[in-house]
Amino acid sequence: MVFDAVPEFFGTSETKLLYWMSCIEIVAAAILIPTLKAIAPPYGRHGTSKWGPTVPAKLAWFVQELPSFIIPVSYFYAVENLPRVNKLLIVMLVVHYFQR
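Quick look at the structure, then. (Residues numbered from 1 in each chain as written. Predicted model: local features only at pLDDT ≥ 70, side-chain atom pairs only at ≥ 80, totals over all residues. Heavy atoms only, no water.)

Looking only at helices and strands, the protein has 3 helices and 0 strands in total. When the elements of the protein are put in sequence order from the N terminus, they spell out α-α-α. A buried classification covers 8% of the 100 residues belonging to the protein. Sequence-distant contacts in the protein: of pairs separated by 6 or more residues, those separated by 24 or more amount to 21%. When the accessible surface of the protein is totalled, it reaches about 9,000 Å², and 69% of it is carbon and sulfur. (Helix = DSSP H or I, 4+ residues; strand = E, 2+ residues; numbered from the N terminus. Buried < 20%, exposed > 50% of the residue type's maximum accessible area, 1.4 Å probe, protein only. Contact = heavy atoms within 4.5 Å. Areas by Shrake-Rupley, 256 points an atom, 1.4 Å probe, with all protein chains shown as cover.)

See the structure below:
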């Protein structure tokens, strides 16, 4: 398995997963930072259609924020014995998103 390459002192499989996720982030940063310094991708008001199709700002915002709403609501209905405090926190989060 992939986790076998990690020395035993890293502990549980959760710790090993965190270790490998950190390694992936470091490698991605090492590749992307120099690339984005050399090639400035246009975004916002400087965007062009040369980099691909443009997306309306309101649609992009909606798609970006959708998981922040769907995941807590799904969790609220999926977990049967959810403590009341957790239910209250989820409701507060959802109300916050609708208020925004």
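Now for the packing of aromatic side chains. Taken as a whole, this structure holds 2 aromatic pairs when the rule is applied. Taking 5.3 Å as the distance between ring centres and 80 degrees as the angle between the ring planes, the aromatic pair formed by Tyr 19 and Trp 20 counts as edge-to-face. On the basis of relative accessibility, which here comes to 27%, the residue Trp 20 falls in the partly exposed class. Ring plane angle 85 degrees and centroid distance 5.2 Å describe the contact between Phe 76 and Tyr 77, whose orientation is recorded as edge-to-face. (Phe/Tyr/Trp six-rings, centres within 6.5 Å; stacked < 30°, edge-to-face > 60°.)

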